[in-house]
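The residues making up each chain are set out below.
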Amino acid sequence: MVKIARWNHDGGTQSGFVDGDTCFALPQGQDVQALLDAGLDEALEIARRFIGSGPGVPLADVQLLAPLQPATMRDFVAFEEHVEGVRKSIDGVAGVVPEWYEAPTFYFTNPHTVTGTGDVIGIPAGCTDLDFETEVAAVVGRVPGSDGSNLSAANAHRHIFGYTILNDWSARDLQRREMKVSLGPCKGKDFANTLGPWIVTADEFEDRHDAEGFLPISMSVDVNGEQIGQDLLSNMGWPFAELVAYASQDSVVRPGDVLGSGTCGSGCLAELWGRNGSQTPPPLKTGDTVRMTVEGIGTVENRVGDRREAATRVPARTRPRNRTVQPAPSAI
């Protein structure tokens, strides 16, 4: 299994490969983005040369970082069960809108607030309903001869360099207000997302796809050691290749882009709130630990930190809707 990671060791950031309990660093100046730009086949050849070529560093002695600094982050909503529960929680309405079935839907989230496993996630200002979202993300790599635009599903499959875990942290009370404006989410989402613990290259999953291209691997999430939810990645409404292809239509996907699956069934608190009719289990609080595990990839774990105490909302001014500049009052 080829696992590509970034880590801190002895005060410096390194990129390279994790093999068992040992980290093997790339030469200074080379990073994960360089591997994505090289493409999967070349990256696997580099891994064969570097893994075991030197003493390496024990995994226990490093601090793992997010495995890449994404160019862009698209997050889909591909699990019907999740949509059904969260719609009840956020909008108070049962069922799934017909438009969900017609085509995949995604939003762009913030690539600048990516965190890694082990990081403390602070509660954003004004938030009382902090939540997590259990997802798998596909990472795009270079395919020689392709510009990443208007891809077929078959070609899009070749652009999937590997997979990682994504926790799309969510401030549900902020999100609830924002989405009543029919735009967003914005501050309900962009304060943090976690990727990790590494990228597992796509070749490791090639023989695990079913006949329709889905990956039947298990996903689960625990809070303070108690399991909250579990699902199979194959319960997505579309396989990842179709999500990547859809993202590329009249647009482009490039090496370093990250595409999230959306939350799996029972993979967040808000879905359970909608189904239970109450905030059971309760929102996350300072000191809670969230642990996500995906079969074939690994585990990410984060602790919830303090809430930032600040007033951030800026109410709109009521404006007169003039269409011409009004003359200033004359001086007396």
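For the structure, see preceding data.
Bear in mind the structure is a predicted one, so any value in this text is a computation, not a measurement.

Trainee: Teacher, can you tell me more about helix α3 (residues 80-91) here?
Mentor: Residue pairs spaced three or four apart in an α-helix point in one direction, given the helix's 3.6 residues per turn. When the terminal C-alpha atoms of α3 are compared, their 16 Å separation across 12 residues agrees well with the 16 Å that a helix rising 1.5 Å per residue should span. Among the residues making up α3, those that are buried are H82, V83, G85, V86, S89 and I90. Phi turns positive one or two residues past the end of α3, at G92, with a value near 75°.

Trainee: How should I be thinking about the sheet that holds strand β19 (residues 298-307) in this particular structure?
Mentor: Sheet strands associate in pairs through backbone hydrogen bonding, adopting either a parallel or an antiparallel arrangement. The strand order β9-β19-β18-β15-β16 describes an open sheet built from five strands, whose pairing is mixed. Two strands lie at the open edges of the sheet, namely β9 (120-123) and β16 (226-232), each paired on one side alone. When strand polarity is set aside, the average angle formed by the axes of neighbouring strands in this sheet is 20°. Across three bridges, the pairing between β9 and β19 is parallel. Across the sheet, I123 pairs through a bridge with R307, a residue of β19.

Trainee: In this structure, what is going on with the packing of aromatic side chains? I would like to understand it.
Mentor: Centre-to-centre distance and the angle between the planes together describe a pair of aromatic rings. Under the defined criterion, the tally for this structure stands at six aromatic pairs. Between F76 and F106 the ring centres are 5.0 Å apart and the planes differ by 50°, which places this aromatic pair in the tilted class. Pair noted here: F76 is in strand β6 (residues 73-76) and F106 is in strand β7 (residues 106-109), with a separation of 30 residues, a long-range link. Judged by its relative accessible area of 4%, F76 falls in the buried class. Note on F106: relative accessible area 27%, which makes it partly exposed. When the ring of F106 is compared with that of F108, the centres are 5.5 Å apart and the planes differ by 85°; the resulting orientation is edge-to-face. An aromatic cluster of three or more residues is present, and its members are F76, F106 and F108. Its end group placed over the ring of W198, K3 keeps NZ or CZ at 4.3 Å from the ring centre.

Trainee: Whenever I open this one, the pairing of β6 confuses me. Can you help?
Mentor: Of the two faces of β6, the one holding M73 and D75 and the one holding R74 and F76 are both buried throughout. In this structure, β6 lies alongside β7, joined through four bridges in antiparallel fashion. Residue M73 lies in a different strand from β7, and its bridge partner there is T109. Bridge count between β6 and strand β17 (residues 258-260): three bridges; the pairing is parallel.

Trainee: Could you clarify how one ought to interpret the packing of α3 against helix α8 (residues 269-276) in this entry?
Mentor: Each pair of packed helices gets described by two things: the angle between the helix axes and the distance between those axes. Remark: α3 packs on α8, axes separated minimally by 7 Å, with the N-to-C direction vectors making an angle of 65°. In terms of their interaxial angle, α3 and α8 are classed as roughly perpendicular. When you trace α3 past α8, the crossing you get is left-handed. Here E81, H82, E84, G85, V86, K88 and S89 of α3 come into contact with α8, specifically with A270, E271, W273, G274 and R275. Its residues placed into classes, the contact of α3 with α8 shows three nonpolar, four polar and five charged.

How each quantity is defined
Residues numbered from 1 in each chain as written. Predicted model: local features only at pLDDT ≥ 70, side-chain atom pairs only at ≥ 80, totals over all residues. Heavy atoms only, no water. Helix = DSSP H or I, 4+ residues; strand = E, 2+ residues; numbered from the N terminus. Expected span 1.5 Å × (residues − 1). Buried < 20%, exposed > 50% of the residue type's maximum accessible area, 1.4 Å probe, protein only. Pairing = 2+ DSSP bridges. Axes fitted to C-alpha atoms, helices over the stretch in contact; angles between N-to-C directions. Phe/Tyr/Trp six-rings, centres within 6.5 Å; stacked < 30°, edge-to-face > 60°. Lys NZ or Arg CZ within 6 Å of the ring centre and 35° of its normal. Parallel < 35°, antiparallel > 145°, perpendicular 65-115°, else oblique. Left-handed = near helix turned anticlockwise from the far one by under 90°. Contact = heavy atoms within 4.5 Å. Nonpolar A, V, L, I, M, F, W, Y, C, P; charged D, E, K, R; others polar.

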